[in-house]
Amino acid sequence: MSGFFRKNKKTIAAQLAVITAVVVLLFFVFGQKQVEPDTTFDDPPELKAEVMTVASGSDDTDGPGSGSGSGDSADDMEEETEEEQDESETVVDPEGQGGGLDGVTDSDNALNEEGNGNVGEPTIIPIVVDDEDPVIVTDLASYDNPRAISFSELTDDVLHFYAYIDHRKPGMKLQVRLFNDASPANGSLLEADGHNYGAVLAQGTNTITLYMREGDQIYDKISYTIIYMPDKADPDNPEVGEHPPVITVYSNVTDPIRTAHYIFSVGATDWHGDYIAFDHMIVSRDGKPFTASPTGTGIYEYDFYFDPPVTGDSYDVVITVLAWDDEGNSAYKIYTLTYEYVDQGDVIGTGSLNIDLTTIGLGLAYTGFTFDVEQGKPLSYYILDAMEYYGLEAEYSGTVDSRFYLSGISGGYFTYGYHVPDNLWQKIQDDDLECDIYRIDRDRLAEHHLTQGSGWMYTIDGVTYPGRGASEYYLDGHGNTVTLRFTLAYGKDIGITSNTGRLSTYCGVWINGGYEPRHTLDEGSVIKEATCTEDGEWARTCLVTNCGYHESQVIPALGHDWHETSRLEPTETEEGYVEYSCSRCAETYRNTIPATGGGGDPDPGNGGDGNGTGGDGNGTGGDGNGTGGDGNGTGGDGSGDGGDPAGGAPACVPERFSLDRVKGVRNEKRD
Ligand SMILES: [Zn+2]
Ligand SMILES: [Zn+2]
């Protein structure tokens, strides 16, 4: 049915309206074959289809499939003349007024709209059989679900749409609810204007749910999710949203480009730290977006081929990158590159190539090979040169010029003494990868050795693993370091995520001779509050499923926070007291004040003040008390290091736990 509701302008409808009016009348009076008295309505598009068919000379009165002309007129009707009472329970209104005729006379409305007035004759209105099941019809269905709409697409945040029940049965009605941040928990019921609705969207997720109901019974419901977000970043607003993505370019963009096969390597992360997929990025060169999918995962490689300059030796290109998430955040970056023409085969810089066997416990085993990078020569050539340099032999498929794939490396004692690090082997077990620890030999390491997910990969400058063969990768000559690494787990052990296996990441990498944890830790939270006397705990946990890693931090006990709550002054013969209680807990403490008759300073309060030895937090205030009467009220040892100066309390704690401090520790750990 949706074909009937395309947003066309009225064209044929206007011309055919008069004919239609007549035909409708004649048709209902004389021509209707399927008239039966006991049924309900027809529906607008169906009827129009019927009418149009008749008008064009056919006698097929049922035909719903009736060509575009009917679609247009139905469309007009839907969009502009919605006077009939869609929610009406009435089956037939013989008065023929307004929308009272319900389904059948929808056509009248359409005609009204064209200025022809109602057909008007008080004819007997037949009732058309409608055997079809009721169905919810809406133009919301013609968009993606979920669908993203940016602010500038709407006026006053109002999304207009239509919805109604086609083949509606008596008593049935449509209910439309909007759920979003601004609506109550069960949503807001939208008022219909005919078939038309207006939903005021809130930034973020909005859900419009259409219910087909009869009384309490819900026959059907459909939900449409609409993500309403700010417009995307552009040169004038390079960052949009509260948490714009971070765009990072991994290829050289500052020095002149001297390779004709330049690979622009870029990744963007959202504010959760996850890579944004390439379908949420637009990379353009001189304003023209790349349409081909890039290679790579997370970090993508876009191929730039630089044609020789038409004049001179160089020219500039402007590359722009736009990246966005589904929460209204986006970022835009501009890079201006200079291409300098260099003949094929000329040296454009240097590179080096190492072999890293950390995953089998042998560390960065082969280093020292350096080479000149020649314009137009792909990486595969340098890999073979390196093998020769290191006295190794490469096993590969394809050729150095096409589809080069390094499957194995062999050489005397190449894997001798290997040992997969225990923490890596544990991850491989947790990952449920198929393993065969015997499938390795002393002189050779090839794909599928040790695990099902093993093989050789290469990384440029230790950062990116291009998602393409080495015969399709060109170095730019800016001191590139190429490292061949043997992964045991689809790259998950050397810094790549993969969907193969139970784990998507190993939360760490085994590279360059060591292990480096790479957990994705949450923000951290207090899992146990510190009290006056007991330490608390603060912890953060790795968000990666099945990882279970967490790190915690002790929150030192707070110590009591004493306040004087009552006091009895001593007399010459009777001692008094000062009573303190803790503002945080129920703890109280009483300091007696000797009778003044004994001489000495009658104000024992000072004695208490002087005491602040609380450094140990153990309520040592008792000491101070005893000496309060020694004549000068300096009370206790008076050393009071770290004591609470305000409280004059007998005991307290040196330093309050501060979140800043914990954060400091966290950052250190992270580095
Ligand atoms: Zn983890
Ligand atoms: Zn306390």
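Scoring rules and cut-offs
Residues numbered from 1 in each chain as written. Chains lettered and ligands numbered in written order. Predicted model: local features only at pLDDT ≥ 70, side-chain atom pairs only at ≥ 80, totals over all residues. Heavy atoms only, no water. Pairing = 2+ DSSP bridges. Helix = DSSP H or I, 4+ residues; strand = E, 2+ residues; numbered from the N terminus. Axes fitted to C-alpha atoms, helices over the stretch in contact; angles between N-to-C directions. Donors = N, O, S within 2.8 Å, 3.2 Å for Na, K, Ca; no water. Tetrahedral: all angles 85-135°; square planar, octahedral: opposite > 155°, others 65-115°. Buried < 20%, exposed > 50% of the residue type's maximum accessible area, 1.4 Å probe, protein only. pLDDT = per-residue confidence, 0-100. Contact = heavy atoms within 4.5 Å. Core = buried A, V, L, I, M, F, W, Y, C linked by side-chain atoms within 4.5 Å. Expected span 1.5 Å × (residues − 1). Arc of directions from axis to C-beta. Salt bridge = Lys/Arg side-chain N within 4 Å of Asp/Glu carboxyl O. Patch = residues over 30% accessible without salt bridge, like charges linked within 9 Å, V, L, I, M, F, W, Y side chains within 5 Å. Areas by Shrake-Rupley, 256 points an atom, 1.4 Å probe, with all protein chains shown as cover. Phe/Tyr/Trp six-rings, centres within 6.5 Å; stacked < 30°, edge-to-face > 60°.

**Student:** I'd love a proper account of the sheet that holds strand β20 (residues 393–399), names of residues and values included.
**Tutor:** Spatially, 3 strands are ordered β20-β21-β23 in an open sheet, and the strand pairing comes out antiparallel. The two strands at the open ends of the sheet, each matched to only one other strand, are β20 and β23 (444–446). Strand after strand, the sheet turns through a mean of 30° between neighbouring axes, direction not considered. Bridging between β20 and strand β21 (residues 402–410) involves 6 bridges; their strand directions are antiparallel. Considered in β21, the bridge of alanine 394 is made with isoleucine 409.

**Student:** How would you summarise the coordination of the zinc ion (ligand 2) if you had to cite specific residues and measurements?
**Tutor:** Ideal geometry at a metal centre gives angles of 109.5 degrees when four donors are arranged tetrahedrally and 90 or 180 degrees when six donors are arranged octahedrally. At this site the zinc ion (ligand 2) is bound by Cys532 (SG), His560 (ND1), Cys582 (SG) and Cys585 (SG), with donor distances of 2.2 to 2.3 Å. Metal-centred angles of 93 to 118° between the 4 donor atoms at the zinc ion (ligand 2) mark the site as tetrahedral. Within one chain, the residues donating to the zinc ion (ligand 2) are spaced in sequence as C-x27-H-x21-C-x2-C. One end of the pair, histidine 560, is in the loop between β31 (550–555) and β32 (562–568); the other, cysteine 582, is in strand β33 (residues 576–582), and 22 residues separate them in sequence. Of the two residues, histidine 560 and cysteine 582, both sit in the buried class.

**Student:** Kindly report on the coordination of the zinc ion (ligand 1), identifying the contributing residues and their values.
**Tutor:** At 2.2 to 2.3 Å from the zinc ion (ligand 1) lie its protein donor atoms, namely Cys507 (SG), His519 (ND1), Cys542 (SG) and Cys547 (SG). Taken together, the 4 donor atoms coordinating the zinc ion (ligand 1) span angles of 102 to 113° at the metal, a pattern that classifies the geometry as tetrahedral. Spacing between the donor residues of the zinc ion (ligand 1) along their common chain follows C-x11-H-x22-C-x4-C. Given a relative accessible area of 6%, cysteine 542 falls into the buried group.

**Student:** Describe in detail the confidence of the model for the protein, supporting the description with residues and values.
**Tutor:** The predicted model of the protein averages 76 in pLDDT, with 69% of residues at 70 or higher. Predicted confidence in the protein is weakest over helix α9 (residues 659–670), with a mean pLDDT of 34, and strongest over helix α5 (residues 379–390), with 98. The low-confidence segment residues 1–121 (pLDDT under 50) makes 203 contacts with residues lying over four places distant or belonging to another chain. The low-confidence segment residues 600–671 (pLDDT under 50) makes 96 contacts with residues lying over four places distant or belonging to another chain.

**Student:** Any details on the sheet that holds strand β19 (residues 363–374)? Residues and values, ideally.
**Tutor:** Within the open sheet, the 4 strands sit side by side as β19-β18-β26-β25. Their pairing is mixed. Either end of the sheet is taken by a strand with one partner, and the two such strands are β19 and β25 (455–460). Taken pair by pair, the neighbouring strands of this sheet meet at an average axis angle of 20°, ignoring direction. By the bridge criterion, 7 bridges tie strand β18 (residues 347–357) to strand β26 (residues 478–487) in an arrangement that is parallel. Opposite asparagine 354, over in β26, you have threonine 483 as the bridge partner.

**Student:** Outline the nonpolar core, listing residues and values.
**Tutor:** Core analysis: the biggest nonpolar cluster contains 45 residues, and Ile355, Leu379, Trp456 and Leu484 have the highest contact counts within it. Where this core is concerned, the elements lending two or more residues are β18, β19, α5, β21, α6 (422–430), β25 and β26. Broken down by element, the residue count for this core peaks at 6 residues, all from α5. By size, the runner-up hydrophobic cluster in this structure holds 24 residues, among which are Tyr262, Val266, Met281 and Val317.

**Student:** So what's going on with the environment of threonine 350? Which residues, and what values?
**Tutor:** Considering the arrangement of structural elements, one finds threonine 350 in strand β18. Residues threonine 350 and glycine 477 lie 127 residues apart in sequence; the distance between their C-alpha atoms is 5.2 Å. Those residues in contact with threonine 350 that sit more than four places away from it in its chain are Phe371, Asp372, Val373, Gly477, His478, Gly479 and Asn480.

**Student:** Pulling in residues and values, what's your account of α5?
**Tutor:** A rise of 1.5 Å per residue sets the reference length of α5, with its 12 residues, at 16 Å; its end C-alpha atoms lie 17 Å apart and thus fit the reference within 8%. Within the sequence span of α5, burial applies to Leu379, Ser380, Tyr382, Ile383, Ala386, Met387 and Tyr390. Buried positions in α5, seen along its axis, are confined to an arc of 160° and lie on one side of it. Positive phi shows up at glycine 391, right after α5, with a value of about 70°.

**Student:** An account of the pattern of salt bridges is requested, with residue identities and associated values reported.
**Tutor:** By the definition in use, this model includes 12 salt bridges. Taking the shortest distance from any N to any O, the salt bridge between glutamate 374 and lysine 377 comes out at 3.6 Å. Residue aspartate 443 pairs with arginine 442 through a salt bridge whose shortest N-O separation is 3.1 Å. The partly exposed category is assigned to arginine 442, whose relative accessible area is 41%. Ionic contacts of the salt-bridge type, sharing partners, join the residues Glu564, Arg567 and Glu569 into one network.

**Student:** Let's hear about a nonpolar patch on the surface: which residues, and what values?
**Tutor:** Residues Tyr250, Tyr275 and Val463 make up a contiguous nonpolar surface patch of roughly 270 Å² in combined accessible area. Position of tyrosine 275 among the secondary structure elements: in the loop between β11 (261–269) and β12 (281–285).

**Student:** Pulling in residues and values, what's your account of the packing of aromatic side chains?
**Tutor:** Within this structure, the stated rule accounts for 29 aromatic pairs. Measuring from ring centre to ring centre gives 5.5 Å for phenylalanine 369 and phenylalanine 371, while their planes differ by 25°; the resulting arrangement is stacked. Residues phenylalanine 369 and phenylalanine 371 agree in their burial class; the two are buried. With 5.1 Å between their ring centres and 80° between their planes, tyrosine 389 and tyrosine 390 make a pair best called edge-to-face. Taken together, the aromatic side chains of Tyr262, Phe264, Phe290, Tyr302, Phe304, Phe306, Tyr315, Tyr335 and Tyr339 make up a single cluster linked through ring pairs.

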